[in-house]
Amino acid sequence: MPIATAVVNVAIIAVTCVVSFMAFSNPRLLDRLILWPPAITRGKEYWRLATCGLIHADPPHLLFNMITLYFFGAPMERFYTQQTGAIGYLLFYVGGLVVSSLPSWQQHRNDSGYRSLGASGAVSAVLFAFILCRPWTTIYVFVLPVPAILYAVAYIAYTIYMDRQRSDNINHSAHLWGAVYGVVATVLVEPRLLGAFFAQLLHPSLM
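Small disclaimer: the values here were computed from a predicted structure and weren't measured. (Residues numbered from 1 in each chain as written. Predicted model: local features only at pLDDT ≥ 70, side-chain atom pairs only at ≥ 80, totals over all residues. Heavy atoms only, no water.)

K.L.:
What am I meant to see in helix α5 (residues 59–84) here?
P.N.:
Because an α-helix packs 3.6 residues into every turn, residues spaced three or four apart end up facing the same way. A maximum bend of about 45° is found in α5 at G73, where proline P75 lies one to four positions downstream. The N-cap residue of α5 is D58: its side-chain oxygen and the backbone nitrogen of H61 are 2.9 Å apart. Once α5 ends, the next one or two residues include G85, with phi positive near 100°. (Bend = angle between axes of the 7 residues up to and from the residue. Helix = DSSP H or I, 4+ residues; strand = E, 2+ residues; numbered from the N terminus. Polar contact = N/O pair within 3.5 Å; in protein donor to acceptor, adjacent residues only side chain to side chain.)

K.L.:
Is there a simple way to think about the packing of helix α7 (residues 120–133) against helix α9 (residues 172–189) in this case?
P.N.:
Packed helices, taken two at a time, are described by the angle their axes make and the gap between the axes. The geometry of α7 relative to α9 is characterised by a closest axis approach of 7 Å and an angle of 45° between their N-to-C directions. Here α7 is positioned oblique relative to α9, judged by the angle of their axes. In this structure, α7 crosses over α9, and the sense of that crossing is right-handed. Residues S120, G121, S124, A125, F128, A129 and L132 of α7 lie in contact with α9, whose contacting residues are A174, H175, G178, A179, Y181, G182, V183, T186 and V187. (Axes fitted to C-alpha atoms, helices over the stretch in contact; angles between N-to-C directions. Parallel < 35°, antiparallel > 145°, perpendicular 65-115°, else oblique. Left-handed = near helix turned anticlockwise from the far one by under 90°. Contact = heavy atoms within 4.5 Å.)

K.L.:
Can you walk me through the packing of aromatic side chains in this structure?
P.N.:
Each aromatic ring pair is specified by the distance between its two centres and by the angle formed by the two planes. With the rule as written, the count across this model stands at 11 aromatic pairs. When the centroid spacing of 4.4 Å and the interplanar angle of 20° are considered together, the rings of Y80 and F92 count as stacked. Highlighted residues: Y80 in helix α5 and F92 in helix α6 (residues 88–107), separated in sequence by 12 residues. Residue classification places F92 among the buried positions, given a relative accessible area of 3%. (Phe/Tyr/Trp six-rings, centres within 6.5 Å; stacked < 30°, edge-to-face > 60°. Buried < 20%, exposed > 50% of the residue type's maximum accessible area, 1.4 Å probe, protein only.)

K.L.:
Teacher, can you tell me more about the pairing of strand β2 (residues 144–147) here?
P.N.:
Looking along a regular strand, one sees side chains alternate from face to face of the sheet. With 4 bridges connecting them, strand β1 (residues 138–141) and β2 associate as antiparallel partners. Looking at β2, one finds that V141 is bridged to L144. Connecting β1 to the antiparallel partner β2 that follows it, the hairpin turn spans 2 residues, and F142 within it adopts a positive phi of roughly 60°. (Pairing = 2+ DSSP bridges.)

K.L.:
What am I meant to see in the pattern of salt bridges here?
P.N.:
Pairing is possible between side chains of opposite charge, provided their charged atoms come close. Counted according to the given criterion, the structure contains 3 salt bridges. E45 is the salt-bridge partner of R48, the closest N and O atoms lying 2.7 Å from each other. Between R192 and E190 there is a salt bridge, with its nearest N and O atoms 2.9 Å apart. Accessibility expressed as a relative area gives 67% for R192, which makes it exposed. Through salt bridges with shared partners, a single ionic network connects R32, E45 and R48. (Salt bridge = Lys/Arg side-chain N within 4 Å of Asp/Glu carboxyl O.)

K.L.:
How should I be thinking about helix α8 (residues 148–165) in this particular structure?
P.N.:
Here α8 is 18 residues long and its end C-alpha atoms lie 25 Å apart, about the 26 Å a rise of 1.5 Å per residue gives. Those residues of α8 that sit buried are A148, I149, Y151, A152, Y155, T159 and M162. One side of α8 holds all its buried residues, which, seen down the axis, span an arc of 160°. α8 presents V153 and R164 as exposed residues on the side facing more than 90 degrees away from its buried surface. Structurally, α8 contributes buried residues whose contacts are with α7, β1, β2, α9 and α10 (192–202). In the segment just after α8, R166 is the residue with positive phi, at about 50°. (Expected span 1.5 Å × (residues − 1). Arc of directions from axis to C-beta.)

Here it is as structure tokens:
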């Protein structure tokens, strides 16, 4: 499936961009959609587990996530459409948002000062599902070409380290659990991928 025909992926990007730009200048909209754990714990506003992925901190944050989603979401949309039908990829993506948000909610369920936003958890799910399927594909980190599997190892190590440090305002937990979800969900959809993944690791072929 060419990138241009990845209709669901393009629709996700379009909606996310529109809502994010609206929220940049609309604090009330931002507050309504952001992951604020007490609102879920006390007010049962469970939609925040997913709607936090429609808003971003600033344009560069949005741009980085959407560029990543544009390139890696297209092949994963094709895979999920083939395996689970027309809305399979959309369900996978929304599941990534929710699953990657759950640990943050549980950890900060009564912390009124905690907030999180961005689609990074779901984007990580899409990226790692792609790496599961094509571990030796060359991906570009800024301008540096790196085999996808090596990037995955470095990314996970960095994410775990930074999550323990808690020295910035980035929700590294969402990145980590999004990546785990992406791999697990994709293997559950097509179990043979796991064997194919290890077979590819034993026979490196950079693409």
